[in-house]
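Structural features, examined
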Amino acid sequence: MNPEVRRAAQILRAGGLVAFPTETVYGLGADAASAVAVARLYAAKGRPADHPVIVHFAGAERAFEWAREVPAAARQLAAKFWPGPLTMILKRSARAKDFVTGGQDGVGLRVPSHPVAQALLREFGAGVAAPSANLFGTVSPTTAAHVRQDLQGKVDLVLEGGASEVGIESTIIDLSAAKPVLLRPGKVSAQEIESILQQRVSLRTADAPRHSGGLARHYAPRTRMRLVPAHQLDAEIAKRAASVAVLAFSRPDERVDYWIRMPRQPQAYAQRLYAALRELDGAGCETMLIEAPPDTPEWTAVTDRLSRAAG
Ligand code: TXA
Ligand code: MG
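Residues numbered from 1 in each chain as written. Chains lettered and ligands numbered in written order. Predicted model: local features only at pLDDT ≥ 70, side-chain atom pairs only at ≥ 80, totals over all residues. Heavy atoms only, no water.

Describing the pairing of strand β14 (residues 287–291)
Put simply, the test is: Burial status follows relative accessibility: with a 1.4 Å probe on protein chains alone, a residue under 20% of its type maximum counts as buried, one over 50% as exposed, and anything between as partly exposed. Helix and strand definitions here come from DSSP, where helices need a minimum of 4 consecutive H or I residues and strands a minimum of 2 consecutive E residues; each element is numbered from the N-terminal end. Strand pairing is defined by DSSP finding a minimum of two bridges between the two strands.
Counting buried positions over the five residues of β14 gives five, a clear majority of the element. Where burial is concerned, the two faces of β14 agree: the one with T287, L289 and E291 and the one with M288 and I290 are both buried. Relative to β14, strand β11 (residues 224–228) runs parallel, the two being bridged by five bridges. Opposite L227, over in β14, you have I290 as the bridge partner. For strand β12 (residues 244–248) and β14, the ladder comprises four bridges, and the chain directions are parallel. Looking at the pairing, V246 lines up with L289 of β14.

Section: the sheet that holds β12
How we decide: Interaxial angles span 0 to 180 degrees and are taken between N-to-C directions of axes, which are lines fitted to C-alpha atoms, for helices over the stretch in contact.
Spatially, the four strands line up as an open sheet ordered β11-β14-β12-β13, and their pairing is parallel. Single-partner strands in this sheet number two, and they are β11 and β13 (258–261). Each strand axis lies, on average, 15° off the axis of its neighbour in the sheet, ignoring direction.

Quick word on the packing of aromatic side chains
In plain terms, the rule: The aromatic pairing rule takes the rings of Phe, Tyr and Trp, using the six-membered ring of Trp, and pairs them if the centres are within 6.5 Å, calling planes under 30 degrees apart stacked, those over 60 edge-to-face and the rest tilted.
Per the counting criterion, the structure on display carries five aromatic pairs. Note on F249 and W299: the rings are 5.6 Å apart at their centroids and 80° apart in plane angle, and the pair reads as edge-to-face. Taken as a pair, F249 in the loop between β12 and β13 and W299 in the loop between β14 and α11 (300–310) lie far apart in primary sequence, 50 residues in all. Its relative accessible area of 4% is what places F249 among the buried residues. Under the relative-accessibility criterion, W299 is labelled buried at 4%. Grouped by ring-pair contacts, the aromatic residues F249, Y269 and W299 constitute a single cluster.

Some remarks on the sheet that holds strand β2 (residues 27–31)
If you trace the 10 strands from one edge of the open sheet to the other, you get β7-β1-β2-β6-β3-β5-β4-β8-β9-β10, paired in mixed fashion. In this open sheet, the two strands that pair with only one neighbour each are β7 (157–158) and β10 (202–203). Where strand β8 (residues 171–174) lies against strand β9 (residues 181–184), three bridges are found, and the strand directions are antiparallel. For I172, the partnering residue across the bridge sits in β9 and is R184.

A short note on the side chain of R278
Applied cut-off: N or O atoms closer than or at 3.5 Å make up a polar contact, with two conditions inside protein: a donor-capable atom paired with an acceptor-capable one, and, for residues adjacent in sequence, both atoms drawn from side chains. The contact definition used throughout considers only heavy atoms, calling two residues in contact when any of these lie within 4.5 Å.
Of note, R278 is situated in helix α10 (residues 266–281). A distance of 3.2 Å separates polar atoms of two side chains, one belonging to R278 and the other to Q149. Beyond its immediate sequence surroundings of up to four residues, R278 is in contact with N134, T138, V139, S140, P141, H146, Q149 and D150.

Remarks on the domain arrangement of the protein chain
What counts here: Boundaries between domains were set according to an automatic or database domain assignment. Put simply, buried area is how much 1.4 Å-probe accessible surface two parts lose in total, over both of them, once they are put together. Any Lys or Arg side-chain nitrogen found within 4 Å of a carboxyl oxygen on Asp or Glu counts as a salt bridge. Note on residue categories: nonpolar means Ala, Val, Leu, Ile, Met, Phe, Trp, Tyr, Cys or Pro, charged means Asp, Glu, Lys or Arg, and polar means any other residue, Gly included.
By domain assignment, the protein chain separates into domain 1 (3–203) and domain 2 (224–310). On a C-alpha basis, the centres of domain 1 and domain 2 stand 28 Å from each other. At the junction of the two partners, domain 1 supplies 22 residues and domain 2 supplies 14 residues. Of the roughly 1,300 Å² buried between domain 1 and domain 2, counting both surfaces, carbon and sulfur atoms make up 56%. Of all residues in domain 1, V139, I168 and P185 give up the largest surface area on contact with domain 2, accounting jointly for 41% of the area buried on that side. There are two salt bridges connecting domain 1 and domain 2. Counting every contact that joins domain 1 to domain 2 gives seven residue pairs in polar contact (both at pLDDT 80 or more). Counting residues per element, the side of domain 1 that touches domain 2 draws most heavily on helix α7 (residues 144–151), which supplies three residues. Broken down by class, the residue content of the side of domain 1 that touches domain 2 amounts to six nonpolar, 11 polar and five charged.

Quick look at the structure:
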């Protein structure tokens, strides 16, 4: 057992805050059974207290104790995707208090696969409430350095675990009502879920449970950011050349001071996305221009994050 992980579990037991790596993004963890610890977590993030938070576990059995009903669909998805980048909303059991569900009847459950997250959750042995380890309104952290930029001095320990492999937050599927609803797209796609469940998955509707990732502008950088269709990128650059930072698929353009070239493969793109947005945001330009990815299903999750960041 890594001594840092043992120390992290002790901090959680004492009501403290531990940032830890997951395969999606870094999480800011607190004991999900402790109102005081969860309140500290919200304060550190600067997040409104009525927002629900996902509870993390080492395995499905523990996770399902937090649900009062576990539908067959949840078991099928757990068998296929856990541990991994999928969060399920299920009807809560008495263990899931209002301070983790935001007073809603559903609780968000996730079993991450990152070895450091797994080690921590096994050592702690209970549920860990964890939103992404960034300040409310900034992009999620995919390295320990990102976490320190945002939360230095506000957390008791940051566990190191390299760059997150998936790079964007988990897929969220709501299984608390009669029909499955996708609340947040991610690496696990709606199509994959449909093929396991043999049933249609609908997209978020207006009266779906409130969740902060669903706010129109949530993952926002400070610099003004515009999502530009590929065929308009050149014209936009010509208009603004001097003070523009660009995220695009093509090679750097000489007129532009700051250019990050992104991979054409959606998962490789997602992996680098938040680090790239932080870097562009730090470049001190007036505007960030982002070349819009293709309008195809494999880009749904990336396009969702880019649209939110652009507001
Ligand atoms: O990949 C992830 O899910 C990361 C890592 C750390 O696990 N966590 C994460 O947490 O992205 P957070 O809090 O940044 O985003 C979770 C989203 C929020 O939009 C929250 O409102 C929603 O999930 N959520 C959590 N519990 C919910 C619930 N009971 N009902 C509806 N939405 C819920
Ligand atoms: Mg977040």
